[in-house]
Amino acid sequence: MAVDKPNINLTLAALEAEVAKPEPFVLALKGGKRITFPDLYDLPAVEAEAFFAKFEGAGRTDFALLEEWLSKADYEAYVAARLPLRVHGALIERVMAYYQQTVGTPGEDTASES
């Protein structure tokens, strides 16, 4: 009796090779300091999902999340920069948009209109 083997449609190695990985987002502050925002999409999926849930949840503060997201030195430099709220908000939006352009926003892909 012949045993059929299932067809392999994709390998993890092939998928990882085709997924774009952007350069880190780096913010230059006054005085030559730089802050690197690590790619949250590069985290293991379970950790990234938990982080995004915190990011979108009520009662969270941007700075609590930044403290978790950035290195200790980068977080301290960010706080010391004393950015106005308007600039801070625009920066967070830009960082997220930068990384989302490589993978898209979950659940918001282009859909068929039919």
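Look up a bit, the structure's there.
About the criteria used
- Residues numbered from 1 in each chain as written.
- Predicted model: local features only at pLDDT ≥ 70, side-chain atom pairs only at ≥ 80, totals over all residues.
- Heavy atoms only, no water.
- Buried < 20%, exposed > 50% of the residue type's maximum accessible area, 1.4 Å probe, protein only.
- Helix = DSSP H or I, 4+ residues; strand = E, 2+ residues; numbered from the N terminus.
- Arc of directions from axis to C-beta.
- Polar contact = N/O pair within 3.5 Å; in protein donor to acceptor, adjacent residues only side chain to side chain.
- Contact = heavy atoms within 4.5 Å.
- Salt bridge = Lys/Arg side-chain N within 4 Å of Asp/Glu carboxyl O.
- Lys, Arg positive; Asp, Glu negative; His and termini not counted.
- Axes fitted to C-alpha atoms, helices over the stretch in contact; angles between N-to-C directions.
- Left-handed = near helix turned anticlockwise from the far one by under 90°.
- Nonpolar A, V, L, I, M, F, W, Y, C, P; charged D, E, K, R; others polar.

### Describing helix α4 (residues 72-81)
Regarding α4, the residues found buried are D74, Y75, A77 and Y78. Projected onto a plane normal to the axis of α4, the buried residues spread over an arc of 165 degrees and lie on a single side. In α4, the exposed positions that point more than 90 degrees away from the buried face belong to K72, A73 and A80.

### Describing unusual backbone geometry
Even without being glycine, R82 reaches a positive phi, approximately 50 degrees. Within the fold, R82 resides in the loop between α4 and α5 (85-103).

### Points about the side chain of H88
Along the chain, H88 turns up in helix α5. At a separation of 2.5 Å, a polar atom in the side chain of H88 contacts the side chain of Y78. Those residues within four positions of H88 in sequence are excluded, and the remaining contacts are D62, F63, L66, Y78 and L83.

### What to know about the pattern of salt bridges
Considering all chains together, one arrives at 3 salt bridges under this definition. For K54, the salt bridge identified is with E68, shortest N-O distance 3.0 Å. One end of the pair, K54, is in helix α2 (residues 45-56); the other, E68, is in helix α3 (residues 62-69), with 14 residues separating them in the sequence. Relative accessible area serves as the criterion here: at 44%, E68 is assigned to the partly exposed category. Taking the shortest distance from any N to any O, the salt bridge between E76 and K72 comes out at 3.9 Å. Taken together, the residues E76 and K72, both in helix α4 and 4 residues apart, mark about one turn of the helix. For K72, a relative accessible area of 63% translates into the label exposed.

### Some remarks on the side chain of D39
With respect to the helices, strands and loops of the structure, D39 is situated in the loop between β2 (34-37) and α2. Although buried, D39 forms no salt bridge, and the nearest oppositely charged side chain, K21, lies 6.4 Å from it. Ignoring sequence-local partners within four residues, the contact set of D39 consists of P22 and Y99.

### Examining the packing of α3 against α4
It is the contact of α3 with α4, at a shortest axis distance of 8 Å, that shows an interaxial angle of 145 degrees. For the crossing formed where α3 meets α4, the hand is right-handed. On the side of α3, the interface is formed by F63, L66 and E67, while α4 contributes Y75, Y78 and V79. When grouped by side-chain class, the residues that make up the contact of α3 with α4 number 5 nonpolar, no polar and 1 charged.

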